[in-house]
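The lines below spell out each chain.
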Amino acid sequence: MTTTIRPLLVELLTEELPPKALNRLGQSFAEGVRATLDRLGLLAQGCQATAYATPRRLAVHLSAVLAQAPDQAYAEKLMPAKIGLTEDGKATPALIKKLAAKGLEHLDPASLERESDGKQEYLVARGTAPGAQLAAGLQEGLDNAIDGLPIPKVMRYQLADGVSTVKFVRPAHRLVALFGADIVPISALGLQAGRNTLGHRFMSEGDVVIAQADAYEPTLAQARVVASFEKRRADIEKQLQAEAGKLSATLGDDPEVAALLDEVTALVEHPTVYVGQFEEQFLQVPQECLILTMRLNQKYFPLFDPATGKLTHRFLIVSNMQVANPVNIVEGNQRVVRPRLADAQFFFETDRKVPLAARVEQLGSIVYHNKLGTQLERVDRVRAIARGVAEALGADVSAGDRAALLAKADLGSNMVGEFPELQGIMGAYYAAGDGEPADVVEALRTQYRNRCDSPVSAETLTAAVLFLAERAETLVGIWAIGLAPTGERDPFGLRRAALGLISAFEQLAAGGWLKISEDGPLSLTGLLGLAEASFPAGKVPASTLPEVQAFIYERYRNQLITEHDRNAVEAVIALTPPLHQVAERVRAVTAFGQMPEAASLAAANKRIGNLLKKAEGDIGEVDAARLADPAEKALAETIARLGPQAGAQLAAGDFAANLRTLAQAREPVDAFFADVMVMAEDAALRANRLALLKQLHGLMNQVADISRLAQ
């Protein structure tokens, strides 16, 4: 059977769509149509799908679509023959009803095949069904695409008839569906498919007629619409870089630039970039304030000096209009941004009139959580933890306490009230203006980062103290009131807090404040204990600390298995070693796992663990006089020889050397299990051999539980 193959276009023209969701909406719409047509067999081999999304349209172009899908063979298992047929072979009412439900009422019951499943015979209908027609398949695909859109918020609106209402993300005005040059008769949201759409809202006139599916993108281009989200984004980025280059400036390299680029791509159909500027006097305001107001409120791209990274007084505007003389557009945008910058300047200058320390008292009127009190009460807890952490690390206790005291003081400032995203950053500016110590200022500035990403130095030690104290208080406090994360829900960011805390221990070790060879001076258990002690007696249930500690190690496990061998990670985490040692232990166990001795020793370790679990009563010490078999004597000698060496390597933090030492035990261990009956009938002999294995087990599992390496 031959069938027509042509390109297919579907477009839904709407009011302005949510910009932050536009790209996802476009991809979802295209995939919803494509997937349904593919399932129905309506896509020809090699068919390519192209998604389009502009502020006012979602569309998809499919390069090779069939007018009718090939006929499909089918086999429908209906029901047991004894239920479907009477004794004389006629259809029962049950079979007639079943055939009708399957759309097979035209079949003669005598034509049904019989198949046995080993217990009874079933009636099976076999035949060939005609392939799906494009119009019906596309209607199904469009309905599925609309129903499956990741719509942030649905709105209900009335259709032109004044009676009917529909629900969609925004009111829809046109529907285009073209199979080659032919209109496909489908409908959606009260619209009938045609070939007419609209071009640019201001730079095109009247209806735009799409002659055939392949003409969609070039026809819209003539109507001043760049239909492809990706092409529009690339065009904007190219223009931004070109204009920045002309001014010897840069756009900056923080992630917000890419996010803003995505957003402005969703706001324009025909992008053109213009240069704006503001009075240089505003640069006296902290640049974060100006950057935030330009990006967040105005969707401008601030420009920076490439040599210093400082903000300049120029910015780039992505306009939806291309005009010969853009002076009105530029001046209009400059007039709009000026009051915003003036507000930021006013907030900053007003806030500076009150010392940051004087704002701490205001925190007593700000609720942190109704079960945990005010922000001031929380500050007192964090201060107590910070003093303990600083003392353990040998840091300046008074600096840690001061940083914790001032950490949340900027919450009552005008600037943070207007821009909550500037918490901590503004506190650091105000603290610096008040003459607070540099390490305290740094602690305030970096307190909200997600993780510590560089080795802790003497200059950043106070920042690390505050970072640890705040996250410990959050984890213990929120957990204690029964708000531990569940499934995908983590409204208080405890997973993020746990990962941040882990990173702090890693970077303290990298900076030399925690030594790989030592468990302390600050441990996770000790830190959580400080947090517990900061709450009133009885506030933290006894189960909280063990659960929080397990939660943190589980987060570490999940993080590490993305970079390291899963079995090696499991082996290390099973011992819950000091956090700052975990990564080094994992690397050592990974290397050990590549050694030829590893598999045999891991299997033996697993076997030993099982034997020790079955032992009755306490396992005593080894009695050398009872070592009868040469293999057990050899194993005892090996343990005595390797034990001190492995212990010294463990104490020095040389985990890789410890495991290489362990590898030397392979032959005596193998010989022991080949020649010696551990569970001997003689109780004293059995107990002595179990004691020997207990010694071996301790030697084997100093760095990790190597039984986890056994496959």
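Bear in mind that the values here come from a model prediction, so they are computed numbers and not experimental data.

Q: Explain the packing of helix H1 (residues 22-39) against helix H4 (residues 134-147) residue by residue, including any values.
A: At a closest axis distance of 8 Å, the pairing of H1 and H4 adopts a crossing angle of 145°. H4 is crossed by H1, and the crossing has right-handed handedness. Packed against H1, whose contacting residues are Phe-29, Gly-32, Val-33, Thr-36, Leu-37 and Arg-39, the element H4 presents Gly-137, Leu-138, Glu-140, Gly-141, Leu-142, Asn-144 and Ala-145 at the interface. Partitioning the contact of H1 with H4 into residue classes produces six nonpolar, five polar and two charged.

Q: I'd like a rundown of the pairing of strand E3 (residues 57-66), residues and numbers included.
A: Of all ten residues in E3, nine are buried; the element is thus mostly enclosed. Where strand E1 (residues 5-14) and E3 come together, eight bridges link them in antiparallel fashion. Counted as the bridge partner of Val-10 is Val-60 from E3. Inspection of the sheet shows strand E2 (residues 49-54) paired to E3 by six bridges, in the antiparallel sense. Residue pairing for E3: Ala-49 is matched across the bridge by Leu-62. The turn joining E2 and E3, which pair antiparallel and follow one another in sequence, is formed by two residues.

Q: Any details on the packing of helix H22 (residues 630-651) against helix H23 (residues 655-663)? Residues and values, ideally.
A: H23 packs onto H22 with a crossing angle of 165° between their chain directions and a minimal axis gap of 8 Å. By the angle between their axes, H22 is roughly antiparallel relative to H23. Note on packing geometry: the crossing formed by H22 with H23 is left-handed. Listed contacts from H23 to Leu-642, Gln-645, Ala-646, Gln-649 and Leu-650 of H22 are Phe-655, Ala-657, Asn-658 and Thr-661.

Q: Could you give an account of the sheet that holds strand E16 (residues 301-304), naming the residues involved and the relevant values?
A: The strand order E15-E17-E16 describes an open sheet built from three strands, whose pairing is antiparallel. Both outer strands of the open sheet, strand E15 (272-277) and E16, are each paired with one neighbouring strand and no more. Sheet twist, expressed as the mean angle between neighbouring strand axes with direction ignored, is 35°. In this fold helix H6 (residues 229-246) packs onto E15, E16 and strand E17 (311-319), with an angle of close to 35° to the strand it touches most, E15. Those strands touched by helix H9 (residues 327-351) are E15 and E17, and its axis lies near 50° from that of E15.

Q: Describe the environment of Leu-292, naming the residues involved and giving the relevant values.
A: Along the chain, Leu-292 falls in helix H8 (residues 287-298). Leave out the neighbours within four places in its chain, and Leu-292 touches Asn-297, Phe-419, Glu-421 and Leu-422.

Q: Talk me through the sheet that holds strand E6 (residues 121-129); I want residue IDs and the actual numbers.
A: Taken in spatial order, the three strands of this open sheet run E4-E6-E5, and their pairing is antiparallel. Because the sheet does not close on itself, it has two edges, and the strands there are strand E4 (72-80) and strand E5 (113-116). Taking each pair of neighbouring strands and ignoring which way they run, the sheet shows an average axis angle of 35°. The sheet contact formed by E4 and E6 spans eight bridges and is antiparallel. Counterpart to Tyr-74 in the pairing with E6 is Gly-127. Contacts from helix H3 (residues 93-101) reach E4 and E6 within the one sheet, and its direction differs from that of E4 by about 150°.

Cut-offs and rules
- Residues numbered from 1 in each chain as written.
- Predicted model: local features only at pLDDT ≥ 70, side-chain atom pairs only at ≥ 80, totals over all residues.
- Heavy atoms only, no water.
- Axes fitted to C-alpha atoms, helices over the stretch in contact; angles between N-to-C directions.
- Helix = DSSP H or I, 4+ residues; strand = E, 2+ residues; numbered from the N terminus.
- Left-handed = near helix turned anticlockwise from the far one by under 90°.
- Contact = heavy atoms within 4.5 Å.
- Nonpolar A, V, L, I, M, F, W, Y, C, P; charged D, E, K, R; others polar.
- Buried < 20%, exposed > 50% of the residue type's maximum accessible area, 1.4 Å probe, protein only.
- Pairing = 2+ DSSP bridges.
- Parallel < 35°, antiparallel > 145°, perpendicular 65-115°, else oblique.

These figures capture arrangement, not role.
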